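Structural characterization, general
Below are the chains, spelled out letter by letter.
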Amino acid sequence: MTSEARSRLGLSIREIGAGLRDRSWSAMELTRWSLERIDATEPVIHAWAMVDTEGAMAAAEIAQKELESGIDRGTLHGIPLGIKDIFDVAGMPTRCGSRARDDALPASLDAATVHRLRHGGAVVLGKTVTQEFAAGTISPPARNPWDPERIPGGSSGGSAAAVAAGACFGAMGSDTGGSIRIPAAACGVTGLKPSFGALETSSVFPLSWSLDTVGPLARTVDDTWLMWTALRTDPAAGATQPSLNKDVGAATIRIGVPHPFFFESLQPNVRSVIEESLETLKAEGVSVVDMGWPEAAASRACAFIINRVETAAVHERVAVEDSERFARYGPDLRLRIAAGRAIPGTLYLQAMRARGVLRDSMALLFADLKIDALLVPSLPTTALEAENLVITNTGLDESVGAAWTRLTMPFNATGQPVLSLPCGRDSLGLPVGVQLAGRPGDEQRLFQIGEFFEKAWSFHRMGLPLFHAPEYGDIALATGAP
Amino acid sequence: MIRNADLGSEPVPDWTLNMPEMARLVDPASDVVELRRYAREIAAAQQELNGIDLDDAAPPASFSAEWREPLR
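Residues numbered from 1 in each chain as written. Chains lettered and ligands numbered in written order. Predicted model: local features only at pLDDT ≥ 70, side-chain atom pairs only at ≥ 80, totals over all residues. Heavy atoms only, no water.

1. Some points on the sheet that holds strand β11 (residues 431-437) of chain A
Residues and elements named next belong to chain A. What counts is decided by this rule: Think of it this way: DSSP has to see at least two bridges between two strands before they count as a pair. Only DSSP runs of H or I covering at least 4 residues are called helices, and only runs of E covering at least 2 are called strands; the numbering of each starts at the N terminus. All axes are obtained by fitting lines to C-alpha atoms, using only the stretch in contact for helices, and the reported angles, taken between N-to-C directions, cover 0 to 180 degrees.
If you walk across this open sheet you meet the 11 strands as β1-β3-β2-β4-β6-β5-β10-β11-β9-β7-β8, and the pairing is mixed. This sheet does not close on itself; its edge strands, each paired only once, are β1 (48-51) and β8 (287-292). Across the sheet, the axes of successive neighbouring strands diverge by a mean angle of 30 degrees, strand direction being ignored. The pairing of strand β7 (residues 254-259) with β8 spans six bridges and is classified as parallel. Within β8, the residue paired with Gly 256 across the bridge is Val 289.

Right, here's the structure in full:
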């Protein structure tokens, strides 16, 4: 692959689309570049569970012919994407990252969201690596493009790593306790956990029905917005060329910064990047309101209980009736299921009742303080070394799973939309992400604010995506600055 | 079988120690540390939830209007 082709993989979706339409390159060239990029990065990053070379090239050919005959499906037309391997994609097995599904047959239909992306002209490259059944934050064997000795986060770790590595322009993930936002933060990309219920989850393997959401990951806020808009477009309604009103003045933005829950027990390197980012926003004229959300810890607990019990229920039949298949589950998931089965039904129902109280408490905060969004860290640490999965310097004795969902899970209970985007890098060059949590159903406002913040923080001008270590220099993207 | 003593001395609700079924599904010899961690996490979550005043809370959504409506 030429360095010119590599640098084009660092362009934004709008820039790539413009090149397709003015015939600077074709959809086939673009897809071939992505496939070559996968070949180059996979020996190190392991982000893909399977790649459908033939299917992707065939879809690109159709996209190109359509463009040449005047059919334009919108901003995703001809854009190569990845799909987390818990979504059904017609013709490919849904293995969910589990040996227990080695014998899964190819799906006959696309999941509803995949159908919408394809209808918008997107080219599906293949399935990205997920932590087993979307339950966990490590996503082996995937690694982090910012430092391949480190994990990408999870469970949508393959999706985030593939996007950060420049192998695709966007990818689908799922988020039940943070599984889009966690890898997005660890890999320095943007991810949206939509409002609960905003996107169909049909033909996506469930983790916890009452909390599951699916959503996009991409390099920039605008790229993520374009995917979101395609996902929200009814195929019967025809093509759209969405635009986001970017005329958002700092003076119109008012964010809440809830203490202490989200700002205690952070690694010092994360805290300093977040504090610096907040100072930048204040200097830009954004109103920052210090506040409290006393129910934050209870909200996390509520989501935790619901998640564990429902996960156990999803896998109940296999656990109880199919010991041979259950033995092929990884030990972490077996343990999670066993623990979920031990939780009393009364506690589960109290958590379900508490959810309404927590949602109302959040709505009251937004109304009383007249805020557009909450701003909180996405993770208490930066990406961990794969061979040393221990949480240090947070002041808490936590497992990786507990620590990495501590700041994301509260919003799965409230069901509000949350955008995670990178705000800076620590002294090791590892990305730090923040969450913007908004009003239910108002993703558009989050994107408007997110785009303003993205510009203020200049994360992408620092050189995303790029492998830092010199030994990976031959697969480094020369530039990715949109 | 997992014994209470295996889970350490920190106080956790009795039901988190009721783990014969858990022992059947996992390897207690290698996972006892993780079981202890889980028991602590679940107990902590229960304590947090107990802090929420549910006296006036509605029933879970799935049992509310959509289910009652057809019975009227």
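2. Some details on the nonpolar core
The line we're drawing: To qualify as a nonpolar core, a set must consist of buried Ala, Val, Leu, Ile, Met, Phe, Trp, Tyr and Cys residues joined through side-chain atoms within 4.5 Å. When accessible area is computed with a 1.4 Å probe and restricted to protein chains, residues below 20% of their type maximum are described as buried, those above 50% as exposed, and intermediate ones as partly exposed. Contacts were defined at the residue level, with two residues in contact if any of their heavy atoms lie within 4.5 Å.
Phe 87, Leu 117, Phe 262, Leu 375, Phe 411 and Phe 453 of chain A are the most contacted members of the largest nonpolar core, which has 124 residues in total. Setting aside residues up to four positions removed in sequence, Phe 262 of chain A forms contacts with Trp 293, Ala 296, Val 376, Pro 377, Leu 407, Pro 410 and Phe 411 of chain A. Membership of the second largest hydrophobic core comes to 28 residues, among which are Ala 339 of chain A together with Tyr 38, Ile 42 and Leu 49 of chain B.

3. Looking at the pairing of strand β6 (residues 213-218) of chain A
Residue and element names in this part refer to chain A. Across the six residues that make up β6, a large majority, six, are buried. Direction of pairing for strand β4 (residues 170-175) relative to β6: antiparallel, over a ladder of six bridges. Of the residues in β6, the one forming a bridge with Met 172 is Pro 216. Of the strand pairs in this sheet, strand β5 (residues 190-193) and β6 are connected by two bridges, and their pairing is antiparallel. Bridge pairing in β6 links Thr 190 to Ala 218.

4. As for the confidence of the model for chain A
Keep this limit in mind: As a per-residue measure, pLDDT reflects the predictor's confidence and takes values from 0 up to 100.
Overall, the predicted model of chain A reaches an average pLDDT of 93, with 94% of residues at or above 70. In this model, residues 478-482 of chain A is a region of pLDDT below 50 whose contacts with residues beyond four sequence positions or in other chains number 11 contacts.

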